[in-house]
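Listed below are the residues making up each chain.
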Amino acid sequence: DTAVSQTPKYLVTQMGNDKSIKCEQNLGHDTMYWYKQDSKKFLKIMFSYNNKELIINETVPNRFSPKSPDKAHLNLHINSLELGDSAVYFCASSHGQATNTEAFFGQGTRLTVV
Amino acid sequence: LAKTTQPISMDSYEGQEVNITCSHNNIATNDYITWYQQFPSQGPRFIIQGYKTKVTNEVASLFIPADRKSSTLSLPRVSLSDTAVYYCLVGDKEGTYKYIFGTGTRLKVLA
C-alpha cells in the first residue's frame, strides 16, 4: 500500500481551466502539506493542515485553495490556471508539526499548463 | 528565518565515501536537522535526522558539531543508485514548524 498517494500523476491542461489534485495518506498522520517544485527544482511549501485545520498558508495566489475533508485527505484545487503554475506538486504528511518528525511524500503530480 | 546553505552539486565515484556539508547559522535551540533524498520523478525521502553529535543508521551518518551551525551527511561507499538530490532541513518556527527545503546538493555518482 502506498503511504501517500496523489492523483493524477500527470495533468496537462489549458490556461484558464480549473483543476484539482487529490492526496490521501494511510499513515494515520494528523498533518498534511502541499509543496510546489518548479523547473529549477526548488521545493517550496504552499500549505499545511493539522487535523483538518489550515496551519500554514504561504504566499500563494488565491487561485489555489486546499480542502481537507478529513485528516487523511488534502486536496488542492486550482482556478484559472496560468502558465506559471506548471510545476510538480507534492503532497506530504507527518505525525505532528515539529521538525523532529519525518515527513512522507507522495510521488508528485506533474502539472503542465499550455 | 533559519536558512541552509549546501553545495549545488558534487561528483563522486562508486565505492567512495561522500560527505555533504550544510550550513545553518541561525538554527534555533529546539530545531532538529534532517536530511532528505530525492530521486528524479519521485518525492523526497527521509534519510536521517539528528540534534547533536553523531547519528548513524543503515544508510548514512550525520555529524553535528557542538555549535550546531553546520552538519555533514556522510554516505559510505556510494553506488550509482545514490545519484540524487540531497536536501538539508532545519526547523523554522514562526508560530509553528514547517519543513523548509534549501536548494539541495545534486550528487552524481560515476562508474
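In case you missed it, the structure is sitting above this.
Residues numbered from 1 in each chain as written. Chains lettered and ligands numbered in written order. Predicted model: local features only at pLDDT ≥ 70, side-chain atom pairs only at ≥ 80, totals over all residues. Heavy atoms only, no water.

**Q** Tell me what's going on with the sheet that holds strand 1 (residues 4-7) of chain A, and back it up with residues and numbers.
**A** Residues and elements named next belong to chain A. Reading across from one edge, 1-3-8-7 is the order of the four strands in this open sheet, with antiparallel pairing throughout. The sheet is open, and its two borders are formed by strand 1 and strand 7 (64-70), each paired with just one other strand. Adjacent strand axes in the sheet meet at a mean angle of 20° when their direction is disregarded. Bridging between strand 3 (residues 19-25) and strand 8 (residues 73-78) involves four bridges; their strand directions are antiparallel. Opposite lysine 19, over in strand 8, you have isoleucine 78 as the bridge partner. (Pairing = 2+ DSSP bridges. Helix = DSSP H or I, 4+ residues; strand = E, 2+ residues; numbered from the N terminus. Axes fitted to C-alpha atoms, helices over the stretch in contact; angles between N-to-C directions.)

**Q** Describe the layout of surface pockets, listing the residues and the values that go with them.
**A** Of the volumes computed, that of the second largest pocket is approximately 320 Å³. As for the second largest pocket, its lining consists of 21 residues, of which A:Lys41, B:Phe39, B:Pro40, B:Ser41 and B:Gln42 are closest to the centre. Put simply, the parts of the chain that give the lining of the second largest pocket at least two residues each are strand 9 (87-94) and strand 11 (109-113) of chain A together with strand 8 (84-90) and strand 9 (105-110) of chain B. Among the elements that line the lining of the second largest pocket, the one with the most residues is strand 8 of chain B, at three residues. A per-class count over the lining of the second largest pocket returns nine nonpolar, eight polar and four charged. (1 Å grid on protein atoms, 1.4 Å probe; cavity = no way out; pocket = protein on both sides within 12 Å on 5 of 7 lines; lining within 4 Å. Points joined across faces, edges and corners; volume = space filled by probe spheres on them. Nonpolar A, V, L, I, M, F, W, Y, C, P; charged D, E, K, R; others polar.)

**Q** Before we move on, could you go through the pattern of salt bridges and cite the residues and values that matter?
**A** Residues and elements named next belong to chain A. Considering all chains together, one arrives at two salt bridges over all chains under this definition. Between glutamate 82 and arginine 63 there is a salt bridge; the shortest N-O distance is 3.5 Å. Of this pair, glutamate 82 sits in the loop between strand 8 and strand 9 while arginine 63 sits in the loop between strand 6 (53-57) and strand 7, and the two are 19 residues apart along the sequence. A salt bridge links arginine 63 to aspartate 85; the shortest N-O distance between them is 2.8 Å. With arginine 63 in the loop between strand 6 and strand 7 and aspartate 85 in the loop between strand 8 and strand 9, this pair connects stretches of sequence that are 22 residues apart. A residue is classified by how much of its surface remains accessible, and arginine 63, at 15% relative accessible area, is buried. Exposure remark for aspartate 85: the relative accessible area of 3% places this residue in the buried category. Beyond isolated ion pairs, a larger network of salt bridges with shared partners links Arg63, Glu82 and Asp85. (Salt bridge = Lys/Arg side-chain N within 4 Å of Asp/Glu carboxyl O. Buried < 20%, exposed > 50% of the residue type's maximum accessible area, 1.4 Å probe, protein only.)

**Q** An account of the pairing of strand 8 of chain B is requested, with residue identities and associated values reported.
**A** Residue and element names in this part refer to chain B. Burial runs high along strand 8: seven of the seven residues are buried. Across the two faces of strand 8 the burial is the same, with Ala84, Tyr86, Cys88 and Val90 and Val85, Tyr87 and Leu89 all buried. The sheet contact formed by strand 3 (residues 33-38) and strand 8 spans six bridges and is antiparallel. Looking at the pairing, glutamine 37 lines up with tyrosine 86 of strand 8. Here strand 8 pairs with strand 9 via three bridges, running antiparallel. Bridge assignment links valine 85 to a residue of strand 9, and that residue is arginine 106.

**Q** If you had to explain the interface of chain A and chain B to someone new, which residues and values would you point to?
**A** Counting residues at the interface gives 22 residues for chain A, matched by 22 residues for chain B. Surface buried jointly by chain A and chain B totals about 2000 Å² across both partners, of which 55% is contributed by carbon and sulfur atoms. Run the count over chain A and chain B and you get zero salt bridges. Seen at the junction of chain A and chain B, the total is four residue pairs in polar contact (both at pLDDT 80 or more). Broken down by element, the residue count for the side of chain A that touches chain B peaks at three residues, all from strand 4 (residues 31-37) of chain A. Taken together, the residues of the side of chain A that touches chain B break down into eleven nonpolar, eight polar and three charged. (Contact = heavy atoms within 4.5 Å. Buried area = accessible area lost by both parts, 1.4 Å probe. Polar contact = N/O pair within 3.5 Å; in protein donor to acceptor, adjacent residues only side chain to side chain.)

**Q** Tell me about the state of the cysteines, residues and numbers included.
**A** Residues and elements named next belong to chain A. Following the criterion strictly, the structure yields two disulfides over all chains and no others. Paired by a disulfide, cysteine 23 and cysteine 91 hold their sulfur atoms 1.9 Å apart. Measuring the twist about the S-S bond at about -75°, one finds the cysteine 23-cysteine 91 disulfide to be left-handed. Of the two residues, cysteine 23 sits in strand 3 while cysteine 91 sits in strand 9, which places them 68 residues apart along the sequence. Classification of cysteine 23 by relative accessible area gives buried; the value is 1%. (Disulfide = S-S within 2.5 Å.)

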